[in-house]
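Architecture and fold: a report
The residues making up each chain are set out below.
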Amino acid sequence: MNIEELFDYCQSIQGAEVTTPFDEVTIVMKVMGKMFALIPTDGDRFSISLKCDPAKAITLRDKYVCVEEAYHMNKIYWNTIYLDGDMPDDELREWIDHSVAEVIKKLPKKQQQQYFR
């Protein structure tokens, strides 16, 4: 998956919002005001950082060389996935969806219900 396809997929998520709160080259994708993905566009290697269930985060790092703890993020919950690595595109989409689900499940019940309407 290239960076444009990645960005397009993230934008297709229900309620996705594109923000640049840190600088002009770091895209932060949000749902319901909460970050589910961080996409730096100025690195040597394109990547995406995603929120992840803690147990699954470790499993994912063990399974793929292209996955590591997210730099400057809570490493218990966040992984960085390099797009030039060994993860198939379909699985990357699943992990993006998982990140969104992790964000939504942490919201108050009322906001969760609003999201799923």
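In what follows, the accompanying structure is described. What you see is a predicted model, and the numbers here were worked out from it, not measured in a lab. (Residues numbered from 1 in each chain as written. Predicted model: local features only at pLDDT ≥ 70, side-chain atom pairs only at ≥ 80, totals over all residues. Heavy atoms only, no water.)

**What about the environment of methionine 73?**
Structurally, methionine 73 can be placed in the loop between strand E5 (67–69) and strand E6 (78–82). You can call methionine 73 buried: its relative accessible area is 17%. Counting along the chain gives 23 residues from methionine 73 to leucine 50, while the straight-line C-alpha distance between them is 9.9 Å. Sequence-distant contacts of methionine 73, that is, excluding residues within four places in its chain, are made with Met35 and Trp78. (Helix = DSSP H or I, 4+ residues; strand = E, 2+ residues; numbered from the N terminus. Buried < 20%, exposed > 50% of the residue type's maximum accessible area, 1.4 Å probe, protein only. Contact = heavy atoms within 4.5 Å.)

**Some words on the state of the cysteines**
Here a disulfide denotes one covalent bond, and it connects the sulfur atoms of two cysteines. Taken as a whole, this structure holds 0 disulfides when the rule is applied. With no disulfide of its own, cysteine 52 lies closest to cysteine 66 among cysteine sulfurs, the gap being 13 Å. (Disulfide = S-S within 2.5 Å.)

**Comments concerning the pattern of salt bridges**
Opposite charge on two side chains allows them to pair when their charged atoms are near. Throughout the structure, instances matching the rule amount to 5 salt bridges. With its nearest N and O atoms 3.7 Å apart, the salt bridge here joins arginine 61 to glutamate 69. For glutamate 69, a relative accessible area of 41% translates into the label partly exposed. (Salt bridge = Lys/Arg side-chain N within 4 Å of Asp/Glu carboxyl O.)

**A short note on the packing of helix H1 (residues 3–11) against helix H3 (residues 89–105)**
The N-to-C vectors of H1 and H3 enclose an angle of 40 degrees; their axes lie 11 Å apart at closest approach. As H1 packs across H3, the resulting crossing turns out to be right-handed. Facing Leu6, Tyr9 and Cys10 of H1, the residues of H3 in contact are Leu92, Arg93, Ile96 and Asp97. Its residues placed into classes, the contact of H1 with H3 shows 5 nonpolar, no polar and 2 charged. (Axes fitted to C-alpha atoms, helices over the stretch in contact; angles between N-to-C directions. Left-handed = near helix turned anticlockwise from the far one by under 90°. Nonpolar A, V, L, I, M, F, W, Y, C, P; charged D, E, K, R; others polar.)

**Considerations on the sheet that holds E6**
Reading across from one edge, E1-E2-E3-E4-E6-E5 is the order of the 6 strands in this open sheet, with antiparallel pairing throughout. Edge positions in the sheet fall to strand E1 (17–19) and E5, since each of these pairs with one other strand and no more. Averaged over all adjacent pairs, the angle separating strand axes in this sheet is 25 degrees, with direction ignored. By the bridge criterion, 3 bridges tie E1 to strand E2 (residues 26–31) in an arrangement that is antiparallel. (Pairing = 2+ DSSP bridges.)

**Comments concerning unusual backbone geometry**
Non-glycine residue methionine 32 carries a positive phi angle of around 50 degrees. Here methionine 32 shows up in the loop between E2 and strand E3 (34–40). Of note in this structure, histidine 72 is not a glycine but carries a positive phi near 65 degrees. Tracing the backbone through its elements, the reader meets histidine 72 in the loop between E5 and E6. Relative accessible area serves as the criterion here: at 66%, histidine 72 is assigned to the exposed category.

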